[in-house]
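Coordinate inspection notes
If you want the building blocks of each chain, they are given just below.
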Amino acid sequence: MNTKKHIMNVAIAATAGLGAIYVFFLISALYRGYFNVPLNVSVILWAILAMGIIFDLLLLTKTKKMNRKIKFFDFSESGYPVDMEHNDEREWRLMLTATYISSRLTINYLIIAFIIPYIIILFGTGFGLIFWIIFSGTALFIAMMINEWGYVFAYLHLDRS
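Position numbers for residues start from 1 in each chain and track the written sequence from start to end. It should be noted that, the model being predicted, local features are given only for residues of pLDDT at least 70 and side-chain atom pairs only at 80 or more, the latter also being counted only at that level, while totals for whole chains, interfaces and linings use all residues. Just so you know, side-chain values use all the structure's heavy atoms and leave hydrogens and water out.

**Considering the overall build of the chain**
When its secondary structure is counted, the chain shows 4 helices and 0 strands. The helix count covers DSSP runs of H or I at least four residues long, the strand count covers runs of E at least two residues long, and both are numbered beginning at the N terminus. Order of helices (α) and strands (β) in the chain, N terminus to C terminus: α-α-α-α. The contacts in the chain between residues at least 6 apart in sequence include a share of 69% that link residues at least 24 apart. Only the protein chains shown count as cover for residues, and all accessible areas are computed by the Shrake-Rupley method using a 1.4 Å probe. As displayed, the chain has an accessible area near 10800 Å², and 70% of this comes from carbon and sulfur atoms. Residue contacts follow a heavy-atom distance rule, with two residues in contact if any of their heavy atoms lie within 4.5 Å.

In structure tokens, the structure reads:
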């Protein structure tokens, strides 16, 4: 499988799966806990979560090669997944550099995300518990998305060079 295509598929699948979990979390938090969610909204939440996970699995297992099935958790002797064996040192160097860049982006975001509550508390603004629950869940979701998509964009940018 093409490395760019694989990286994009994983990023889209992670976004779909994590997005479904985030929507589930956000709506539950807005209702002050999952047990307070009305039944019809609860069914919709579980349907969104199931669709996100099914879409995630379908996208991750999709391949256009007829003779070869991709096994994501089948590792060869080298320790790399079978579908990501390295034939090109340049490609692995790009992937390593993209990982480093996405980690730096995520750390910078997390520093800002940790400073925001400190500033809010410092100015004495009183928000309730529900605000802090939603804020922390949203900050975590955004950190995961920055890490995933930062890797994708860094790899694509470095590959053009």
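So, next bit.
**Thoughts on the packing of aromatic side chains**
We call Phe, Tyr and Trp rings a pair once their centres come within 6.5 Å, taking the six-membered ring for Trp, and we label the pair stacked below 30 degrees between planes, edge-to-face above 60, and tilted otherwise. Considering all chains together, one arrives at 7 aromatic pairs under this definition. Plain terms: the ring middles of tyrosine 22 and phenylalanine 25 are 6.4 Å apart, the flat faces sit at 35° to each other, and that makes the pair tilted. With a gap of 3 residues between them, tyrosine 22 and phenylalanine 25 both fall in helix H1 (residues 3-30), about one helical turn apart. Note on exposure labels: buried denotes an accessible area under 20% of the residue type's maximum, exposed denotes more than 50%, and partly exposed covers the range between, all computed with a 1.4 Å probe on protein chains only. Classification of phenylalanine 25 by relative accessible area gives partly exposed; the value is 27%. Members of the aromatic cluster, connected to one another through ring pairs, are Tyr22, Phe25 and Phe141.

**Quick word on the pattern of salt bridges**
Just to be clear on terms, a salt bridge is a Lys or Arg side-chain nitrogen sitting within 4 Å of an Asp or Glu carboxyl oxygen. Considering all chains together, one arrives at 1 salt bridge under this definition. A salt bridge links aspartate 159 to lysine 4; the nearest nitrogen and oxygen atoms lie 2.7 Å apart. Here aspartate 159, found in helix H4 (residues 129-160), pairs with lysine 4, found in helix H1; they are 155 residues apart in sequence, far enough to count as distant.

**A look at the nonpolar core**
One finds Ile7, Met95, Ala98, Trp149, Tyr151, Val152 and Tyr155 to be the most contacted residues of the largest nonpolar core, which totals 15 residues. The dominant element in this core, judged by the number of residues it contributes, is H4, at 8 residues. When residues no more than four places from it in sequence are discounted, the contact partners of valine 152 are Ile7, Met8 and Ala11. Throughout this description, the term nonpolar core refers to a set of buried Ala, Val, Leu, Ile, Met, Phe, Trp, Tyr and Cys residues connected via side-chain atoms within 4.5 Å. Membership of the second largest hydrophobic core comes to 6 residues, among which are Ala20, Phe24, Val41 and Leu49.

**Description of H1**
What a helix should span is 1.5 Å times the count of its residues minus one. Here H1 spans 40 Å end to end across 28 residues, near enough to the 40 Å set by a 1.5 Å rise per residue. In the stretch just after H1, arginine 32 is the one whose phi turns positive, near 60°.

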